[in-house]
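The residues making up each chain are set out below.
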Amino acid sequence: MTKNNRLVIGTRGSKLALWQAEWVQASLLALHPGLSVELNIIKTTGDRILDVPLAQVGGKGLFVKEIEEAMLAGEADIAVHSMKDVPTEFPEGLYLPVIREREDPRDAFIAPLRNGVPAIASFRDLPRGATIGTSSLRRACQLLNLRPDLKIVQLRGNLDTRLRKLDEGQFDAIILAAAGVKRLGWHNRITETLAPEISLPAIGQGAVGIECRQDDAMVNALIAPLNHPATATCVRAERALLKRLEGGCQVPIAGYATIQDNRLVLNGLVGSIDGTTLVRETMTGDPTDPETLGTDLAETLLRNGADSILRDVYGRSPKGTA
């Protein structure tokens, strides 16, 4: 950070990314009157490649790599990310000390409006052979497991673009993260919020993280009060699960943790891309050691069939498995 009490936030330029960056900006200004907080809008590879499924072009790092490069070059002091976009490994010198309080982590089922009323009342009411738009293999595999008749079509672009495509009649319904829809004030477009039993959320979904340079003591001190311990604990467990599974965008992996009665409860899922096979487990552990819980649940999933799914997708054995 420069000597003139100025802090620069690196962010993507989508409406949702800007909302999240401005949320952090406003929080920092409220905490530290007199601090100057600016946004540096950075176009990432994921923002440029919109006509190819994420699973085919490299996975999670697509939305953070250029922002991390800006931090290492001194062009940004912190980065604000949707946690579901953040890889489990960081470039040397960077880390993620802050995770903010989570919004609704669930998936949202959104039907087109007809005279102001959803054309389809709920997921259960989808007609046979309905076309569903989603960019997520995780969502697709879980929905196909319940409804193999559905036609899943790739849906990329910002939230407003996806809603426009829905309203143009390209899909019978689309599935989006409820958090983003709510943060942008489009609550009224959510037809149904899907229970985790129908669609287990993505790792970190609904949470916003702040990444920064490890050796920048001043910046670390400024952002530390923004951390939400309960959310951070849950997301750390989910990310440990993902890290042990070596999960990328090429395989459907889901994980969602909650704290109940002072215990950490973690649900995990690995599925085949076509939805024919789902391996799902739940484990409870100590909230003071979320990484161990995440790793242990991953090992259980691997033993119970996830290893063969990962082998099929990656063409090899996951590290540490036979």
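All residue numbers refer to positions counted from 1 along the written sequence of the respective chain. Totals for whole chains, interfaces and linings use all residues, but because this is a predicted model, local features are given only for residues with pLDDT of at least 70 and pairs of side-chain atoms are given and counted only at 80 or more. Calculated side-chain values reflect all of the structure's heavy atoms, with hydrogen atoms and water omitted.

**Focus: the packing of helix 8 (residues 229-245) against helix 9 (residues 290-314)**
Link 1 in the chain: A fitted line through C-alpha atoms serves as each axis, taken over the contacting stretch for helices, and the angle formed by two N-to-C directions is quoted from 0 to 180°. The helix and strand labels rest on DSSP assignments: H or I over at least four residues marks a helix, E over at least two residues marks a strand, and numbering proceeds from the N terminus. Where helix 8 contacts helix 9, the two axes come as close as 8 Å, and the packing angle between them is 35°. Along this stretch, helix 8 crosses helix 9, giving a crossing that reads as right-handed. Residues Thr233, Arg236, Ala237, Ala240, Leu241, Arg244 and Leu245 of helix 8 form the contact with helix 9, whose participating residues are Pro290, Glu291, Gly294, Thr295, Leu297, Ala298, Glu299, Leu301, Leu302 and Leu310.
Link 2 in the chain: Three classes are used: nonpolar for Ala, Val, Leu, Ile, Met, Phe, Trp, Tyr, Cys and Pro, charged for Asp, Glu, Lys and Arg, and polar for all others, with Gly counted as polar. Among the residues making up the contact of helix 8 with helix 9, the classes are represented as 10 nonpolar, 3 polar and 4 charged. Helix crossings get a hand from a simple test, with the near helix turned counterclockwise from the far one by less than a right angle marking a left-handed crossing and a clockwise turn marking a right-handed one. Only heavy atoms enter the contact rule, under which two residues are in contact if any of them lie within 4.5 Å.

**Re the layout of surface pockets**
Link 1 in the chain: A cavity here means a set of points on a 1 Å grid, drawn over the protein atoms and nothing else, where a 1.4 Å probe fits but cannot get out; a pocket is an open set with protein on both sides within 12 Å along at least five of seven lines, and a residue lines either one if it has an atom within 4 Å of a point. Grid points are joined across faces, edges and corners, and a volume is the space filled by probe spheres set on the points. Space inside the second largest pocket adds up to approximately 310 Å³.
Link 2 in the chain: Looking at the second largest pocket, it is lined by 14 residues, and the ones nearest its centre are Thr88, Phe90, Arg236, Arg239 and Glu291.
Link 3 in the chain: Contributing elements (two or more residues each) for the lining of the second largest pocket: strand 4 (94-99) and helix 8.
Link 4 in the chain: Its residues placed into classes, the lining of the second largest pocket shows 8 nonpolar, 2 polar and 4 charged.

**Details of the sheet that holds strand 10 (residues 173-177)**
Link 1 in the chain: With respect to topology, 5 strands assemble into an open sheet ordered 9-8-10-5-11, the strand pairing being mixed. In the strand order of this sheet, the two ends are held by strand 9 (151-153) and strand 11 (192-194), each with one partner. The sheet shows a mean angle of 30° between the axes of neighbouring strands, direction not considered.
Link 2 in the chain: DSSP-based pairing: two strands are paired if at least 2 bridges between them are found. Summarising the sheet, strand 8 (residues 131-133) and strand 9 pair through 3 bridges and their orientation is parallel.

**A look at the nonpolar core**
Link 1 in the chain: Grouped together as the largest cluster of nonpolar side chains are 21 residues, with contacts concentrated most on Leu241, Leu245, Leu266, Val270 and Leu301.
Link 2 in the chain: Of all elements in the fold, only helix 8, strand 13 (253-260), strand 14 (263-271) and helix 9 reach the threshold of two or more residues within this core.
Link 3 in the chain: Take this core: its biggest share by element is 8 residues, from helix 9.
Link 4 in the chain: For Leu241, the contacting residues outside a window of four places in its chain are Ile203, Ala254, Gly255, Leu266, Gly268, Gly294, Thr295, Leu297, Ala298 and Leu301.
Link 5 in the chain: Take the buried residues of types Ala, Val, Leu, Ile, Met, Phe, Trp, Tyr and Cys, join any two whose side-chain atoms come within 4.5 Å, and each joined set is a nonpolar core. Relative accessibility thresholds used throughout: buried, under 20% of the residue-type maximum; exposed, over 50%; partly exposed, between the two (1.4 Å probe, protein chains only). Listed in part, the 17 residues of the second largest apolar core include Leu28, Val208, Cys212 and Leu226.

**Notes on the sheet that holds strand 3 (residues 78-82)**
Link 1 in the chain: Reading across from one edge, 2-1-3-12-4 is the order of the 5 strands in this open sheet, with mixed pairing throughout. Bordering the open sheet on either side are strand 2 (36-41) and strand 4, each of which pairs with just one other strand. Taken over all neighbouring pairs, the strand axes of this sheet differ in orientation by 30° on average, direction set aside.
Link 2 in the chain: Across the sheet, helix 1 (residues 15-31) touches strand 1 (6-11), strand 2, strand 3 and strand 12 (208-213), and the angle it forms with strand 2 is around 165°.

**Some thoughts on the side chain of Arg213**
Link 1 in the chain: Along the polypeptide, Arg213 turns up in strand 12.
Link 2 in the chain: Note on Arg213: relative accessible area 14%, which makes it buried.
Link 3 in the chain: In the analysis that follows, any N or O atom pair within 3.5 Å is treated as a polar contact, provided that within protein one partner can donate a hydrogen and the other can accept it, and provided that, for residues neighboring in sequence, both atoms belong to side chains. At 2.8 Å, the side chain of Arg213 forms a polar contact with the backbone oxygen of Ala76.

**Here's the deal with the confidence of the model for the protein chain**
Link 1 in the chain: Confidence along the protein chain averages 91 in pLDDT terms, with 90% of residues attaining 70 or more.
Link 2 in the chain: pLDDT under 50 marks residues 316-322. Its contacts with residues more than four places away, or in other chains, come to 16 contacts. Per residue, pLDDT measures the predictor's confidence, with a range of 0 to 100.

**Re helix 1**
Owing to its 3.6 residues per turn, the α-helix brings residues three or four apart onto one side.
Link 1 in the chain: The end-to-end C-alpha distance of helix 1, which contains 17 residues, comes to 24 Å, matching closely the 24 Å that a straight helix rising 1.5 Å per residue would cover.
Link 2 in the chain: All of the buried residues along helix 1 are Leu16, Ala17, Gln20, Ala21, Val24, Gln25, Ser27 and Leu28. Every helix has an expected span of 1.5 Å times one less than the residues it contains.

**A word on the packing of aromatic side chains**
Aromatic ring pairs: the centre-centre distance and the angle between the two ring planes describe each pair.
Link 1 in the chain: Side-chain rings of Phe, Tyr and Trp, where Trp is taken by its six-membered ring, are said to pair if the distance between their centres is within 6.5 Å; with planes under 30 degrees apart they count as stacked, over 60 as edge-to-face, and otherwise as tilted. By the definition in use, this model includes 2 aromatic pairs.
Link 2 in the chain: Note on Trp19 and Trp23: the rings are 5.5 Å apart at their centroids and 40° apart in plane angle, and the pair reads as tilted. Placement of the pair is Trp19 and Trp23 together in helix 1, with a separation of 4 residues, close to one helical turn.
Link 3 in the chain: Under the relative-accessibility criterion, Trp19 is labelled partly exposed at 30%.
Link 4 in the chain: With centroids separated by 6.3 Å and ring planes inclined at 80°, the aromatic side chains of Phe109 and Phe123 adopt a geometry described as edge-to-face.

**A closer look at the pattern of salt bridges**
Link 1 in the chain: Salt bridges are counted wherever a side-chain nitrogen of Lys or Arg sits within 4 Å of a carboxyl oxygen of Asp or Glu. This structure, assessed with the given rule, holds 20 salt bridges.
Link 2 in the chain: Where Lys65 meets Glu69, a salt bridge forms, and the shortest distance between an N and an O atom there is 2.7 Å. Residue Lys65 and its partner Glu69 are both found in helix 3 (residues 65-72); the two are separated by 4 residues, about one turn of the helix.
Link 3 in the chain: According to the relative accessible area criterion, Glu69 is partly exposed, its value standing at 41%.

**Some remarks on helix 9**
Link 1 in the chain: The first and last C-alpha atoms of helix 9 sit only 27 Å apart over 25 residues, clearly below the 36 Å expected at 1.5 Å per residue.
Link 2 in the chain: Where helix 9 bends most, at Gly305, the angle is about 80°.
Link 3 in the chain: Gly315 sits one or two residues past helix 9 and shows a positive phi near 70°. The bend reported for a residue corresponds to the angle between axes fitted to the seven residues ending at that residue and the seven starting there.

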